[in-house]
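Residues per chain are reported as follows:
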Amino acid sequence: MLLKNIVVSIVFLSGLIFSTGLLANEPLEFRAEESFIKFSGVQNKKTEFNGQFQSFEPIIVFNKNQLEQSSIRVNVDLASVESGSEKRDGMLKKNNWFDVENTPQGVFKSQQIQLDSDSVYKVEGSLTIKGIEKPVTLFMNYVELGGLIELSGSYTLNRLDFNLGLGAWKNPDWVQHEVEVNYKVVLKQ
């Protein structure tokens, strides 16, 4: 009888753990229409420009109760860049910038996720663009919205760290070296 009670308890607890999502092992469903990766910079010392990537794929396993088992990977289709100017978009795809012919994807991969403060997580990982991998630390806001999770934040990227803007474009008078990246990823729980 005792053995039967133990088995029933284990089965019940296993079902409870899996049904409440306490085990973070399956990627959460991505809601592309509500998500974005945007960037902004300054050209010719005074003209601000904005852009975004129209196509990216986050693969996110996230459980705030089991951060050691959580992970974030985002694959960005660099050819999907749009900045409001066909001419600028064409240049961004060439080898002086994203070189989409040879390196069509940018990738962010988390290595560690920690709670920083109430609903803000510190995500340490790496960003790879044009085959250059650099460590990055992001601070990610976490909000639950009726069955959805919204992860958002911003990051300042030095474009020269990834050889973005070679040749004459290296000069910050043409395009400022710092680029602000803003993101929001919406996931279904």
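Residues numbered from 1 in each chain as written. Predicted model: local features only at pLDDT ≥ 70, side-chain atom pairs only at ≥ 80, totals over all residues. Heavy atoms only, no water.

What about the overall build of the protein chain?
When you go through the protein chain residue by residue, the secondary structure sums to two helices and 11 strands. Helices (α) and strands (β) of the protein chain occur, in sequence order from the N terminus, as α-β-β-β-β-β-β-α-β-β-β-β-β. Here the protein chain holds 189 residues, and 38% of them are scored as buried. Counting contacts in the protein chain only where the partners sit at least 6 residues apart, residues at least 24 apart contribute 56% of the total. (Helix = DSSP H or I, 4+ residues; strand = E, 2+ residues; numbered from the N terminus. Buried < 20%, exposed > 50% of the residue type's maximum accessible area, 1.4 Å probe, protein only. Contact = heavy atoms within 4.5 Å.)

Details of the side chain of S110
Structurally, the position occupied by S110 is in strand β7 (residues 105–117). What S110 contacts, discounting residues up to four positions off in sequence, is S71, I72, V123, E124 and G125.

Focus on the nonpolar core
Judged by nonpolar contacts, the single largest core of 40 residues is most densely connected at F62 and F98. If one sorts the elements of this core by residue count, strand β11 (residues 178–188) sits on top with five residues. (Core = buried A, V, L, I, M, F, W, Y, C linked by side-chain atoms within 4.5 Å.)

What to know about the pairing of strand β2 (residues 36–43)
Strand direction decides the pairing type here: β2 and β11, joined by five bridges, are antiparallel. The partner of K38 across the bridge, within β11, is N182. As paired strands, β2 and strand β3 (residues 47–53) are joined by six bridges and run antiparallel to one another. Each residue of the ladder has a partner; that of G41, found in β3, is F49. Connecting β2 to the next strand, β3, in antiparallel fashion are three residues, including N44 with a positive phi near 55 degrees. (Pairing = 2+ DSSP bridges.)

Notes on the environment of H177
With respect to the element layout, H177 can be found in the loop between β10 (148–158) and β11. Counting along the chain gives 19 residues from H177 to N158, while the straight-line C-alpha distance between them is 5.4 Å. Among all residues touching H177, those that are not within four sequence positions of it are L157, N158, R159, L160, K170, N171 and P172. Separated by 2.7 Å, the side chain of H177 and the backbone oxygen of K170 make a polar contact. (Polar contact = N/O pair within 3.5 Å; in protein donor to acceptor, adjacent residues only side chain to side chain.)

Describing the packing of aromatic side chains
Counted by the stated rule, this structure contains eight aromatic pairs. Taken together, a centroid distance of 5.8 Å and an interplanar angle of 65 degrees make the contact between W169 and W174 edge-to-face. Among the residues examined, W169 registers a relative accessible area of 19% and is labelled buried. Among the residues examined, W174 registers a relative accessible area of 43% and is labelled partly exposed. (Phe/Tyr/Trp six-rings, centres within 6.5 Å; stacked < 30°, edge-to-face > 60°.)

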